[in-house]
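This is what each chain is made of:
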Amino acid sequence: MRATQFQHGSFTVADVPEAPAPGPGQIRIDVAACGICGSDLSMSKDPGRFVHVAENAGYPLATFDTDRPVVLGHEYAGVVRELGSDVTDFAVGDRVAGIGLATDTSSGIPTIIGYSNEYHGAFGEHIVVDASWVRQVPDKLSLEHATLAEPLHVGEMHVQQSGLTAADSALVIGCGSIGLGAIIAAKARGVPVIASEPAPKRRELAAALGADVVVDPAENDPIEVYNRMVAEGNPLVGQGGPGILIAYECSGRAGILGTLLHTLPFNSRIQVLAAPFDDEVIVPVVGQFRRIAVNFGHGPYENAYDITLQRLADGEIDAEAIITGRVCLDDVADAFAALRQPDEHVKILVLPGTTTHSPRAAGGNIDAPSNA
């Protein structure tokens, strides 16, 4: 199949072997579109570090041989092409999207598609995934827009895990697609949201998706803004009631965890949605002094993906505003370069079936949406 593969720091378009035949409970999907994830940016920046951290953490879902090529991409949507045995919920031709997990039929070990040398990601024409993680795309939702359910659902999942209540306030740090998902989930619960983001395009989207206060951290400290609102008795954040401030760290910026431990109000919480792969230095007793809880993703959640997919289908989320570029397989490298300087971009989609070069899509201009 035709795909964009990554090896030794470079993206190249090549004919690559298809993923293994679907095993029991698996399906093969013709890919219509796939978003570029922040994890893909981290992996392509330093594959050795990415795999080393995953292996040391005992996390088999993201381990592979960095000396062999991989085809990235796990924020997919497409059409069912082939069914493995025991699959009864889908039929060939169904429009689907989902979470990109595949269980290696030879070892029984699950993997994230794209972070495997055998189970290719969706920067190619076909993928094989476990059907249990796949969902039907509602008729009124395009496949391109459906790709957003995967990154946005991370915000819904973490908001559930954080224990956010109507009495609390939310601080979202970093307004890429995961941060925007956190804003959407927090506003669905009726809480005030302060968003912090250095890129103008992403600040604009944060406000459009419901953030009550949007801050450029180069000009204003968002925690100082919150503290000032509380001191002034601003009804948006209450007046010393039972609620707390929960910070949703979605930037993955080095040093942010230590900064939050030192500057958040006493009794706050930190919910970590995006984290760096490098070592971090914190002083743990500071969190103890200030009674700040840190959650890296522990706790129950329910139907986060399905909730997000339905919000997209119901038009509650302006999907087209979040999609800031579309590229063909030949332009994946340009798209990655654009996302590393995200002044103009939030989410760029890779369209494997597109053969026309579209370099403008990686430079900030939005191509016309397809009818997929």
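- The name given to the chain in an unreviewed UniProt entry is Alcohol dehydrogenase catalytic domain-containing protein, and the organism recorded there is Nocardia vermiculata.
- Within the UniProt record for the chain, the comment given under Cofactor (unreviewed entry) is "Zn(2+)".
- Check the Sequence similarities (unreviewed entry) section of the UniProt entry for the chain; it says "Belongs to the zinc-containing alcohol dehydrogenase family."

## Things to note about the packing of aromatic side chains
Here is step 1: Applying the stated rule across the entire model yields five aromatic pairs.
Here is step 2: Ring geometry for Phe50 versus Tyr115: centroids 5.0 Å apart, planes at 50°, classification tilted. Residue Phe50 is located in helix α2 (residues 47-56), and its partner Tyr115 is located in the loop between β7 (110-112) and β8 (126-130); the two are separated by 65 residues in the primary sequence. Residue Phe50 shares its accessibility class with Tyr115, and that shared class is buried.
Here is step 3: Consider the rings of Phe50 and Phe277, whose centres lie 5.0 Å apart with planes at 25°: the pair is stacked. Of the two residues, Phe50 sits in helix α2 while Phe277 sits in the loop between β14 (269-272) and α9 (284-290), which places them 227 residues apart along the sequence.
Here is step 4: Among the residues examined, Phe50 registers a relative accessible area of 5% and is labelled buried.
Here is step 5: The exposure class of Phe277 is partly exposed, given its relative accessible area of 28%.

## Regarding helix α7 (residues 222-231)
Here is step 1: Looking at α7, one finds that the buried residues are Pro222, Ile223, Val225, Tyr226 and Met229. Projection of α7 onto a plane perpendicular to its axis shows the buried side chains occupying an angular sector of 160°, all on one side.
Here is step 2: At its buried positions, α7 is contacted by β10 (169-173), β11 (193-196), β12 (213-215), β13 (245-249) and α8 (256-263).
Here is step 3: Capping the start of α7, Asp221 holds a side-chain oxygen 2.8 Å from the backbone nitrogen of Ile223, two or three residues further along.
Here is step 4: Where α7 ends, the next residue or the one after it, Gly233, has phi of about 70°, a positive value.

## A word on the pattern of salt bridges
Here is step 1: In the structure shown here, the tally under the stated rule is 16 salt bridges.
Here is step 2: Taking the shortest distance from any N to any O, the salt bridge between Glu18 and Arg81 comes out at 3.4 Å. In this pair, Glu18 is assigned in the loop between β2 (10-15) and β3 (26-35) and Arg81 in strand β4 (residues 75-83), connecting sequence segments 63 residues apart.
Here is step 3: Taking relative accessible area as the criterion, Glu18 reaches 33% and is therefore assigned partly exposed.
Here is step 4: Each of Glu18, Arg28, Arg81 and Glu82 takes part in salt bridges that share partners, so that together they form one network.

Each value, and the rule that gives it
- Residues numbered from 1 in each chain as written.
- Predicted model: local features only at pLDDT ≥ 70, side-chain atom pairs only at ≥ 80, totals over all residues.
- Heavy atoms only, no water.
- UniProt positions renumbered as here; feature names shortened; annotations may be inferred.
- Phe/Tyr/Trp six-rings, centres within 6.5 Å; stacked < 30°, edge-to-face > 60°.
- Helix = DSSP H or I, 4+ residues; strand = E, 2+ residues; numbered from the N terminus.
- Buried < 20%, exposed > 50% of the residue type's maximum accessible area, 1.4 Å probe, protein only.
- Arc of directions from axis to C-beta.
- Contact = heavy atoms within 4.5 Å.
- Polar contact = N/O pair within 3.5 Å; in protein donor to acceptor, adjacent residues only side chain to side chain.
- Salt bridge = Lys/Arg side-chain N within 4 Å of Asp/Glu carboxyl O.

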